[in-house]
Every structure is written in structure tokens, then in C-alpha cells.
Amino acid sequence: MDSKNNPKNARAEAWLRYADELSLAPFYLDRRAQVATPDLASGLAGAPAPGFQTAEMPRGTSTPPAASPIPPPPAATAAFVPKIAAPSLFEERVEHDSLDRIRLDITPTCTRCKLHKARTQIVFGVGNPKARLVFVGEGPGRDEDEQGEPFVGRAGKLLTDMIAAMGLRRKDVYICNVVKCRPPENRLPEKDEIAACSPFLARQLAAIDPKVICCLGACSAQTLLNTNQGISRFRGEWFEYRGVKLIATYHPAYLLRNPAAKSEVWKDLQKVMAVLGLQPPKRTKP
Ligand code: SF4
């Protein structure tokens with residue numbers, strides 16, 4: 001049989017095209033080449049903001065250096081066959097996809113990556129399925145793992161305050177994470193875990209079709225922008241993810257440890273508000 005007409009080859013090529021669209025190529029290429037690359041989380045967290053109430057947090061790292069434009073993502077030039085343990089649900093585009101269908105596809109017993117071992121439950125996402133604004137974090141923490149909802153701990157309270165400062169309610173937006181299961185000890189998700197779970201995020205974003213995606217922290221931004229650069233290099237700048245405007249800002253957990261960074265985050269949120277035509281709520285006199 002002609003290799004061009006071989007159904008296996010055609011299927012592999014279709015997978016490659018789709019993986020490339022999902023920005024997963026580098027993950028698989030890295031795994032195949034067994035090359036150690038910088039930790040995805042290396043740039044997580046950032047600098048110094050006002051307004052939102054705070055406290056403290058379990059993750060985030062040091063203050064990042066100055067910003068510069070993000071370079072184009074590396075091109076996937078070599079053919080590759082992803083090595084995943086289980087059959088992928090994402091070999092083809094999912095027609096008429098919906099959040100309910102994605103949740104069913106994940107299943108409550110998903111074992112596609114090692115994060116299933118320590119989780120209490122899958123934390124899928126919450127909010128308006130037709131939201132114009134989606135916030136994407138990195139992964140569930142302890143409170144989220146217990147309650148099954150993203151951003152419900154102290155960082156979650158701060159995110160809720162940030163959303164309110166934008167003149168929105170939590171139920172107006174959609175909130176989710178790159179990985180749906182809690183990484184042990186609240187560590188950052190690893191590349192193989194992101195590779196296994198991020199297709200679900202890609203489907204969530206496609207199903208919601210928001211006007212703006214706001215990445216919270218380096219992990220989600222690096223995943224969706226297909227870069228290893230630290231968030232400080234591109235925080236507050238506009239990008240495009242599959243036709244949707246994307247901006248990255250610091251994770252609320254980072255702000256709990258670095259309240260001074262709130263002013264930078266507020267500037268980023270104001271950019272989002274401008275795109276969405278939002279006005280901050282008027283303050284009522286006490
Ligand atoms: S993180 Fe995602 S891929 Fe991994 S076990 Fe949980 S739901 Fe499955």
C-alpha cells in the first residue's frame with residue numbers, strides 16, 4: 001500500500017496537525033528527545049498592586065526581571081508520534097463540543113497522568129459556559145481539591161475580589177486550570193501532566209469561545225502561548241490564542257505574598273476591562 005494512502009499515516013499526520021494547533025508539539029518533542037528544558041514554572045509569579053484584599057499563599061516564586069516582547073513559538077519541524085499511555089480523545093476535533101461533554105470525556109476516574117494518584121476529585125471548572133472572560137490558573141490547590149471548585153481558597157477569595165473590582169461577578173466569568181487534579185504538595189504541574197490534561201483546557205476554551213482569556217501565572221500562559229519564558233517577559237501584553245485575545249497576569253497566590261504587585265495586576269485587568277467595555281463599579285459612600 002502507498003504510504004501516503006496508509007490510514008495509519010494519515011491518522012498520525014492528522015494528530016500531528018492537531019497537536020501543533022494545541023501547542024503541544026514542544027512537550028512531545030521534548031519528551032522524545034529526552035532533553036531537559038527549563039521548568040515551566042520558572043517564571044511563575046511576579047512583581048508588585050492595590051485594591052484587592054489579601055493574605056498569603058502556598059505557591060508562586062520570586063520577583064521576575066523586566067519585560068520584553070515574547071519571541072515566536074518554536075516551530076515543530078520534525079515528524080513525531082506522541083507517546084501517551086492511553087488512547088487520546090483528541091485525535092480529531094470534537095464537533096458540537098460542550099463543557100458537559102468534556103466533563104464526561106475526562107471522567108471522574110481519569111488516570112491519564114500521575115496526578116490522579118493523590119487527588120480527592122477532579123476540579124473541572126466553574127462559571128458561565130458562555131463567558132466573555134475566562135481566567136485560567138495552573139492547577140487545584142488543597143481547598144480546591146477538597147471542594148471540587150477552582151480558586152476557592154485564599155487566592156480564590158482574592159480572585160473573586162479582582163473580578164468584583166472589574167464590575168463583574170464570579171458567575172459572569174469562567175474559571176478553570178491547566179490541570180484538573182491537585183499536584184502533590186501544591187507543586188507546579190509537570191510537563192507530562194500538562195501534556196496529558198491541557199487538551200481538555202483547549203476544548204473548554206473552544207467550547208466557551210470567550211472574547212478574552214486571562215492567564216493567571218506562568219504555567220497557563222506558557223502552556224497556551226507555547227513558550228518557556230518567564231511571565232515577567234510578557235505579562236500585560238496582548239496575544240492571540242486560536243483567535244481569542246489572551247493576556248497574562250500574576251497569579252493571585254503570588255499577590256498574597258507580594259501585595260505590591262497588585263498595582264501591576266490592576267493595570268492588566270484594566271486592559272481586559274477596556275476590551276470588554278467594562279467600567280469599574282461606583283464606590284458607595286459608607
Ligand atoms: S490532571 Fe487531567 S489528565 Fe491528569 S489525571 Fe487529572 S484529569 Fe486526568
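First, a word on scope: everything that follows refers to the structure included in this document. Every chain is numbered on its own, with residues counted from 1 as its sequence reads. This being a predicted model, a pLDDT of at least 70 is required before a residue's local features are given, and a value of 80 or more before pairs of side-chain atoms are given or counted; all residues contribute to the totals for chains, interfaces and linings.

## Structural notes on the overall build of the chain
Selection criterion: Labels follow the DSSP assignment, with helices taken as runs of H or I lasting at least four residues and strands as runs of E lasting at least two, numbered in each case from the N terminus. A residue is called partly exposed when the number of other C-beta atoms within 10 Å of its own lies between 12 and 20, exposed at 12 or fewer, and buried at 20 or more, with C-beta atoms placed from the backbone.
A count of helices and strands for the chain gives 9 helices and 6 strands. Residues counted as buried form 43% of the 286 residues belonging to the chain.

## Quick notes on the site of the ligand
Here is the rule we go by: Each residue gets a C-beta atom placed from its backbone. Should that atom fall within 6 Å of a molecule or strand, the residue is termed near it. Side-chain classes follow a simple rule in which Ala, Val, Leu, Ile, Met, Phe, Trp, Tyr, Cys and Pro form the nonpolar group, Asp, Glu, Lys and Arg form the charged group, and the remainder, Gly included, forms the polar group.
Taken together, 14 residues lie around the ligand, and Cys-110, Arg-112, Cys-113, Cys-181 and Cys-197 are the ones closest in. Per element, the largest residue contribution to the shell around the ligand is 3 residues, and it comes from helix 6 (residues 191-208). A per-class count over the shell around the ligand returns 9 nonpolar, 2 polar and 3 charged.

## Remarks on the packing of helix 3 (residues 99-106) against helix 6
Two packed helices can be described by the angle between their axes and the distance between those axes. Formally: Every axis corresponds to a line fitted to the C-alpha atoms, with the helix fit spanning only the stretch in contact, and the corresponding angles, defined between N-to-C directions, vary from 0 to 180 degrees. Convention used here: angles under 35 degrees read as roughly parallel, angles over 145 as roughly antiparallel, angles from 65 to 115 as roughly perpendicular, and any remaining angle as oblique. Put simply, a crossing is left-handed when the front helix is turned counterclockwise from the back one by less than a right angle, and right-handed when it is turned clockwise. Note on contacts: residues are paired as contacts if their backbone-placed C-beta atoms lie within 7 Å.
Two numbers describe how helix 3 lies on helix 6: the axes approach to 9 Å, and their chain directions differ by 165°. Looking at the two axes, helix 3 sits roughly antiparallel to helix 6. The crossing of helix 3 and helix 6 is right-handed. Counted together, Leu-99, Ile-102 and Ile-106 of helix 3 and Phe-200, Arg-203, Gln-204 and Ala-207 of helix 6 form the full contact between these two elements.

## Structural notes on the environment of Phe-200
Its place among the elements puts Phe-200 in helix 6. Taking the C-alpha atoms as reference points, Phe-200 and Phe-124, separated by 76 residues in sequence, lie 9.2 Å from one another. Once residues lying within four places of it in the same chain are set aside, the contact partners of Phe-200 are Ile-102, Ile-106 and Lys-180.

## Describing the nonpolar core
What counts here: By convention in this section, buried Ala, Val, Leu, Ile, Met, Phe, Trp, Tyr and Cys residues joined through C-beta atoms within 7 Å make up a nonpolar core.
Core analysis: the largest hydrophobic core is formed by 60 residues, its most contacted members being Val-134, Phe-135, Val-136, Val-173, Ile-213, Cys-214 and Cys-215. Per-element tally for this core: the top contributor is helix 6, with 9 residues. Setting aside residues up to four positions removed in sequence, Ile-213 forms contacts with Val-134, Val-136, Leu-205, Leu-224, Tyr-241, Val-244 and Leu-246.

## What about unusual backbone geometry?
Despite not being glycine, His-96 shows a phi value in the positive range, around 50°. Relative to the assigned elements, His-96 resides in the loop between helix 2 (25-33) and helix 3. Here His-96 falls in the exposed class, since 6 other C-beta atoms lie within 10 Å of it. One non-glycine residue, Thr-107, lies in positive phi territory at about 70°. When you line up the elements, Thr-107 lands in the loop between helix 3 and strand 1 (126-127).

## Description of the sheet that holds strand 6 (residues 244-249)
Applied cut-off: In this description, strands pair whenever DSSP reports at least two bridges between them.
Strand order in this open sheet of 6 strands is 1-3-2-4-6-5, and the pairing throughout is mixed. Looking at strand neighbours, the two that pair on one side only are strand 1 and strand 5 (238-241), the edges of this open sheet. As paired strands, strand 4 (residues 212-216) and strand 6 are joined by 5 bridges and run parallel to one another. Within the sheet, the bridge partner assigned to Val-212 lies in strand 6 and is Lys-245. Packed on one face of the sheet, helix 9 (residues 262-276) meets strand 2 (133-137), strand 4 and strand 6 and runs near 165° to strand 6.

## Re the environment of Val-136
Locating Val-136 in the fold gives a position in strand 2. Judged by local crowding, Val-136 falls into the buried class, with 27 C-beta atoms found within 10 Å. In this structure, the C-alpha to C-alpha distance between Val-136 and Leu-205, residues 69 residues apart in sequence, is 9.6 Å. Residues contacting Val-136, with those up to four places away along its chain left out, are Cys-176, Asn-177, Val-178, Leu-201, Ile-213, Cys-215, Leu-216 and Ser-220.

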